[in-house]
Amino acid sequence: MESMEGSIDYRNEFKRDVTKYESVTKSKYITLIYHLEKGVLESFFEKINSENKSVMDFACGSGRWTEYIEKKFKETVGVDVSEEMLSLAKKKCTHTRFILTDITSNDVNEQLEHETFDVITAFRFYKNAEQSLREAVTNKISMHLKKEGYFVFDLHLNSNSIMGTFAKTIRFLRLQKILKLNKLTVRTISLADIKKIFEDSDLVIVDYYGMGVLPSRSNQLILPHKILFMIESYFTKNKLLREYSYNLLIIARKK
Ligand SMILES: C[S@@+](CC[C@H](N)C(=O)[O-])C[C@H]1O[C@@H](n2cnc3c(N)ncnc32)[C@H](O)[C@@H]1O
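What you are looking at is a predicted structure, and each value in this text was computed from that prediction instead of being measured.

J.: Please set out the pairing of strand β2 (residues 75-80) residue by residue, giving values where relevant.
T.: Within β2, five of the six residues are buried, which leaves it mostly tucked inside the rest of the structure. For β2 and strand β3 (residues 97-100), the ladder comprises four bridges, and the chain directions are parallel. Among the inter-strand pairings, valine 79 is bridged to a residue of β3, identified as isoleucine 99.

Given below as structure tokens:
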């Protein structure tokens with residue numbers, strides 16, 4: 001949705017055609033990235049004994065991750081500002097408590113207001129959010145996280161990846177309109193951008209992984225799926241060229 005200034009208001013982006021989001025995230029490349037992330041999360045959740053812990057899946061959207069997360073934690077809360085997205089999420093989950101609220105709002109839903117969690121997750125959120133929203137959300141995440149709790153999130157078009165470099169070039173040459181691309185398609189984010197936002201917070205990055213060193217997009221994979229997955233899994237597990245990966249999975253901790 002375009003705001004009066006012509007920029008995109010990400011809070012309201014998912015209040016219309018939510019089935020489109022489902023089909024976008026079911027594309028071959030996003031599914032491949034999802035499984036690479038899942039491999040890392042599987043070991044991480046085991047390491048922290050997540051089955052005894054509480055988690056908030058912030059910006060849970062249609063529950064793409066929530067349905068997996070609720071199986072790994074003792075207590076799961078899904079938070080999103082879009083009723084339409086939450087209605088899809090509710091169909092996928094069996095015991096998650098969903099809260100419809102804008103986490104940055106002053107009158108945040110009273111069910112969430114005083115709650116703190118051992119872990120907070122946020123997938124496919126930071127890259128597309130406008131800078132002011134990224135900052136406001138970071139501030140609230142930290143408020144809802146227990147001391148030494150983990151914040152696990154991803155950045156899905158890393159500025160320093162091959163695909164990110166394409167996106168930056170399109171933006172620089174102002175080709176979005178000619179190529180009929182949405183502004184968000186060419187918006188990128190880097191680890192350095194996140195570090196800058198975290199400077200004013202009590203969150204510190206403790207580790208990160210990369211997914212997607214070779215270029216691909218949507219349903220166009222550069223190699224057959226099985227081969228690409230094998231190669232990319234090797235890069236992800238060994239943290240090879242992670243700073244140049246399409247997707248970054250970041251683990252931060254509250255001081
Ligand atoms: C791209 S979707 C990601 C959904 C899901 N995490 C996934 O990976 O598929 C981003 C979600 O952020 C939600 N969102 C944006 N701003 C928000 C805010 N201030 N408070 C709560 N949810 C917000 C949107 O409604 C949308 O569902």
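J.: Residue-level account of the site of the ligand, with values.
T.: Residues in contact with the ligand amount to 21 residues; listed here are only the nearest, Tyr21, Ala59, Arg64, Asp80 and Asp102. In this structure, phenylalanine 123 approaches the ligand through a main-chain N or O atom, which is 2.9 Å from a nitrogen atom. Its residues placed into classes, the shell around the ligand shows 13 nonpolar, three polar and five charged.

J.: Let's hear about the pattern of salt bridges: which residues, and what values?
T.: Summed over the entire model, instances satisfying the criterion amount to eight salt bridges. For the salt bridge of aspartate 102 with arginine 11, the shortest nitrogen-to-oxygen distance reads 2.9 Å. Linking aspartate 102 in the loop between β3 and α5 (110-113) with arginine 11 in the segment before α1 (18-25), this pair joins segments that are 91 residues apart in sequence. One network of salt bridges, with partners in common, ties together Glu75, Arg97 and Glu115.

J.: Got a sec to walk through helix α8 (residues 191-198)? Specific residues and values, please.
T.: Within the span of α8, buried status applies to Leu191, Ile194, Ile197 and Phe198. Buried residues of α8 fall within an arc of 120° about the axis and therefore sit on the same side. For α8, the exposed residues set more than 90 degrees away from the buried face come down to Ala192 and Lys196. On its buried side, α8 packs onto α6 (131-143), β5 (145-155), β6 (203-211) and β7 (247-254).

J.: Hey, could you go over the environment of serine 161 for me, with residue numbers and the actual values?
T.: When you line up the elements, serine 161 lands in the loop between β5 and α7 (162-172). Under the relative-accessibility criterion, serine 161 is labelled buried at 2%. In sequence terms serine 161 and glutamate 243 are 82 residues apart; their C-alpha atoms lie 7.6 Å from each other. If near-sequence neighbours (up to four positions away) are discounted, serine 161 is found in contact with Tyr244, Ser245 and Tyr246. A distance of 2.9 Å separates the side chain of serine 161 from the backbone nitrogen of glycine 164, its partner in a polar contact.

J.: Lay out the side chain of threonine 188 in plain terms, naming residues and giving numbers.
T.: With respect to the secondary-structure elements, threonine 188 resides in the loop between α7 and α8. Apart from residues lying up to four places away in sequence, threonine 188 is in contact with Lys127, Arg134, Leu157, Ser159, Gly164, Ala167, Lys168 and Arg171.

Each value, and the rule that gives it
Residues numbered from 1 in each chain as written. Predicted model: local features only at pLDDT ≥ 70, side-chain atom pairs only at ≥ 80, totals over all residues. Heavy atoms only, no water. Buried < 20%, exposed > 50% of the residue type's maximum accessible area, 1.4 Å probe, protein only. Helix = DSSP H or I, 4+ residues; strand = E, 2+ residues; numbered from the N terminus. Pairing = 2+ DSSP bridges. Near = heavy atom within 4 Å. Polar contact = N/O pair within 3.5 Å; in protein donor to acceptor, adjacent residues only side chain to side chain. Nonpolar A, V, L, I, M, F, W, Y, C, P; charged D, E, K, R; others polar. Salt bridge = Lys/Arg side-chain N within 4 Å of Asp/Glu carboxyl O. Arc of directions from axis to C-beta. Contact = heavy atoms within 4.5 Å.

Limitation: the analysis is restricted to geometry and does not speak to function.
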